[in-house]
Amino acid sequence: MIKFFRKIRQNLLSEGKTGNYLKYAIGEIILVMIGILLALQINNWNEKRLQNQSLKNIYTIIAEDLKNDIADINMILKNKKEIEPVFNKILDGLMTKENYNNCDGCQWLIIGSPDLTIEKRGYNLLNNFDTSKIKADSLTIKIVQFYTKQITDLNVDNNLRSSDIAKNINDWQDNYEWYSDYITNRNIDGFIEYAINNHDYVNRTANYYMLNYTIYIPKLEAFNSEAQDILKQLEEKIKK
């Protein structure tokens, strides 16, 4: 093709058609520029298509993360709902020695709690994703705001509840002789006597209840609700 254009130019010059040569040269320059612009446009289109596909792949991972988080939250909420009557019984002063002996795990009630560990694979990928090549996506902004808030809030809650549990264990270890038998599950009679007759245990139970049922559970429910809304939007985007 280059040889063809060169031959045309040489013929025009040899025939003394300078004006036609200049017109031809300008036309050739314009054609070259159009070719370059078309190549750039195609390159930009391909790059945008690849970026959109990459974003869709990240959305797919985030969707899977949210599904796992929702499933974990539902398990935690189910567990909390099942044991809430025991808390109410303790707070109302109705638990007996027989109740404790017949209740599997009730002796561990305020020194353990399932935490939600948010899956952040997709969120981390999204944070590192360059969106400058594609049109701004309101869903991307919504996802980042959701994770930023939830990670901060849940970390604060987890730290508060972990500190409360650690305080209970440390205080019992330092102040109660029954602790060694209790923590090794050899004999829990001393603990049961303390739990029934010492209001200190009721106070600790009330604090645990407040941190979990008044603060933590509503936040998990809010997370679940917003996560399900985002998941629905993600699934619609992925299908496109």
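Notes on the structure follow.

Thresholds applied
- Residues numbered from 1 in each chain as written.
- Predicted model: local features only at pLDDT ≥ 70, side-chain atom pairs only at ≥ 80, totals over all residues.
- Heavy atoms only, no water.
- Helix = DSSP H or I, 4+ residues; strand = E, 2+ residues; numbered from the N terminus.
- Buried < 20%, exposed > 50% of the residue type's maximum accessible area, 1.4 Å probe, protein only.
- Contact = heavy atoms within 4.5 Å.
- Areas by Shrake-Rupley, 256 points an atom, 1.4 Å probe, with all protein chains shown as cover.
- Salt bridge = Lys/Arg side-chain N within 4 Å of Asp/Glu carboxyl O.
- Expected span 1.5 Å × (residues − 1).
- Bend = angle between axes of the 7 residues up to and from the residue.
- Arc of directions from axis to C-beta.

**What about the overall build of the protein chain?**
The helix and strand inventory of the protein chain stands at eight helices and zero strands. Element order for the protein chain, N to C, with α for helix and β for strand: α-α-α-α-α-α-α-α. Taking all 240 residues of the protein chain together, the buried fraction comes to 33%. Put simply, of all contacts in the protein chain between residues at least 6 apart along the chain, 81% involve residues at least 24 apart. Approximately 14,900 Å² of the protein chain is accessible, and the part contributed by carbon and sulfur atoms is 55%.

**Remarks on unusual backbone geometry**
Positioned with a positive phi, Asn-185 is a non-glycine residue whose angle comes to about 60°. On the secondary structure map, Asn-185 appears in the loop between helix H6 (179–183) and helix H7 (189–197).

**Side note on the pattern of salt bridges**
Side-chain pairs of opposite charge can arise where the charged atoms are in close proximity. In total, this model carries 11 salt bridges according to the counting rule given. Where Arg-204 meets Asp-171, a salt bridge forms, and the shortest distance between an N and an O atom there is 3.2 Å. Placement of the pair is Arg-204 in helix H8 (residues 199–239) and Asp-171 in helix H5 (residues 138–175), with a sequence separation of 33 residues. Side by side, Arg-204 and Asp-171 carry an identical accessibility label, which is buried. Linked through salt bridges whose partners overlap, the residues forming this network are Lys-167, Asp-171, Asp-200 and Arg-204.

**What about H8?**
Here H8 spans 58 Å end to end across 41 residues, near enough to the 60 Å set by a 1.5 Å rise per residue. Tyr-216 marks where H8 bends most, by close to 35°; the proline Pro-218 follows one to four residues later.

**Looking at H7**
Of the positions making up H7, those classed as buried are Phe-191, Ile-192, Tyr-194 and Ala-195. Projection of H7 onto a plane perpendicular to its axis shows the buried side chains occupying an angular sector of 160°, all on one side. Buried residues in H7 make contact with helix H3 (97–102), H5, H6 and H8.

**As for the side chain of Thr-140**
Locating Thr-140 in the fold gives a position in helix H5. If near-sequence neighbours (up to four positions away) are discounted, Thr-140 is found in contact with Leu-55, Tyr-59 and Leu-126.

Taken by themselves, the reported measurements are silent on function.
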